[in-house]
Amino acid sequence: MLSTAPLRASDARFLAIPLMPLLTAWGLWTNPGYSAAITMMVAVLIALLDLAWPGAQRSPAPAAHAVPHPALQWLLRLYVPLQMGLIALGAWVAVQGSWGLVLGVAFTVGFVTGAQGITMAHELGHSRSKLDRALGWLLMCSVGYGHFMVEHYRGHHPRAATLDDPASARWGESLWRFLPRTLLGSWRSAWQLEALRIARFKLSWLRSPLLWSVAANALLVAVLLVLGSYTILFFWCFQAAYAVWLLESINYIEHYGLARSSSATGQREAFGLQHAWNADHVLSNSLLANLQRHSDHHMHATKPWPTLAALPGPQLPTGYSGCIFLATVPPLWFAAMHPRLEKLSMLQKI
């Protein structure tokens, strides 16, 4: 049963979650022509605050009890209509202007649907609630990436930090080499995993949410093509592509260069705190539902996100926002990360 105690002051930081879609919608409504520039400024500002704000590298510890306040999960649920409304508003604004405006609005919306929307879908998908999981599917369909809801939970979690996982980046692999491998590998893996589930439970493919999610996206594209709504189609495709790029860039960062060992019989080492990169920066953790406390998340996949702890595992040089900027320039990323990996390797040999 969920707690009915007042929301802890340290948990009130999560009330910032809906601010990003709300403020983005306000910006699109009042001054869409500057939306892309403002979005880039926000991304840079978050990265700089994570890096330089005194005390910002540490988030408040989770509550002593293991049951989070019910309002926190409702933040994720209420985020869903906010994202749907933001996409609808973005499409409406896009058809009013030039192709340059369409591109800028799509970039702006994709920043929110990728940075926050996919993060909320990820947490909803880990919930035991069927409603939450359905909302997770809806969010992922809104960016054309429904197969994440199969591959992440049944593929990535068992295989993270192994060569079998398309979403785990290898030592020396650049972001740009990683992206085609993970995009193709995750798609293939999701269908293989879903086929195994269908066969195991003797189900019809008509019972597959993966199939229905792909059909829904295909129907959306077909309807827009038939109606000649090419501007809206371009807007939706570009915001979805940018959202997916953000997702896979975060995947690249989360396990870069970390590897679980295997025995002679092929049995994998149990996932430990040393197999995921962590960052405990308060601003980005507040906006991303503690996603950066990643070791604890992988070690306890069903643990409610507000109760995730900052474990003493491998630490990133800064929060996810700053790391994305580093990862886009491979020499900078390698210069920041390889000394950390070498130090970890030395410690493991002691």
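Going by the structure above, here's the rest.
### Overview of the overall build of the chain
The secondary structure content of the chain amounts to 13 helices and zero strands. Over its C-alpha atoms the chain spans a radius of gyration of 20 Å, differing by no more than 12% from the 20 Å that the globule rule assigns to 350 residues. Long-range pairs, those at least 24 residues apart, make up 72% of the contacts in the chain between residues at least 6 apart in sequence. Element-wise, carbon and sulfur atoms account for 70% of the exposed surface of the chain, whose accessible area totals about 16,200 Å². Averaging the positions of the 24 positive and the 15 negative side-chain charges in the chain gives two centres separated by 6 Å.

### Section: the environment of Glu194
Among the secondary structure elements, Glu194 is positioned in helix 7 (residues 175–200). Residue classification places Glu194 among the buried residues on the basis of a relative accessible area of 0%. In this structure the C-alpha to C-alpha distance between Glu194 and Leu211, which are 17 residues apart in sequence, comes to 9.3 Å. If near-sequence neighbours (up to four positions away) are discounted, Glu194 is found in contact with Val150, Arg154, Trp205, Ser208, Pro209 and Leu210.

### Examining the pattern of salt bridges
All chains considered together, the criterion is met by nine salt bridges. The shortest N-O distance in the salt bridge between Arg154 and Glu194 comes to 2.9 Å. Of this pair, Arg154 sits in helix 6 (residues 148–159) while Glu194 sits in helix 7, and the two are 40 residues apart along the sequence. The exposure class of Arg154 is partly exposed, given its relative accessible area of 33%. A salt bridge links Arg197 to Glu194; the nearest nitrogen and oxygen atoms lie 2.9 Å apart. Remark: Glu194 and Arg197 occur in helix 7; sequence separation between them is three residues, near one turn of the helix.

Here is what the cut-offs are and how they apply
- Residues numbered from 1 in each chain as written.
- Predicted model: local features only at pLDDT ≥ 70, side-chain atom pairs only at ≥ 80, totals over all residues.
- Heavy atoms only, no water.
- Helix = DSSP H or I, 4+ residues; strand = E, 2+ residues; numbered from the N terminus.
- Rg over C-alpha atoms; globule rule 2.2 N^0.38 Å.
- Contact = heavy atoms within 4.5 Å.
- Areas by Shrake-Rupley, 256 points an atom, 1.4 Å probe, with all protein chains shown as cover.
- Lys, Arg positive; Asp, Glu negative; His and termini not counted.
- Charge placed at Lys NZ, Arg CZ, Asp CG, Glu CD.
- Buried < 20%, exposed > 50% of the residue type's maximum accessible area, 1.4 Å probe, protein only.
- Salt bridge = Lys/Arg side-chain N within 4 Å of Asp/Glu carboxyl O.

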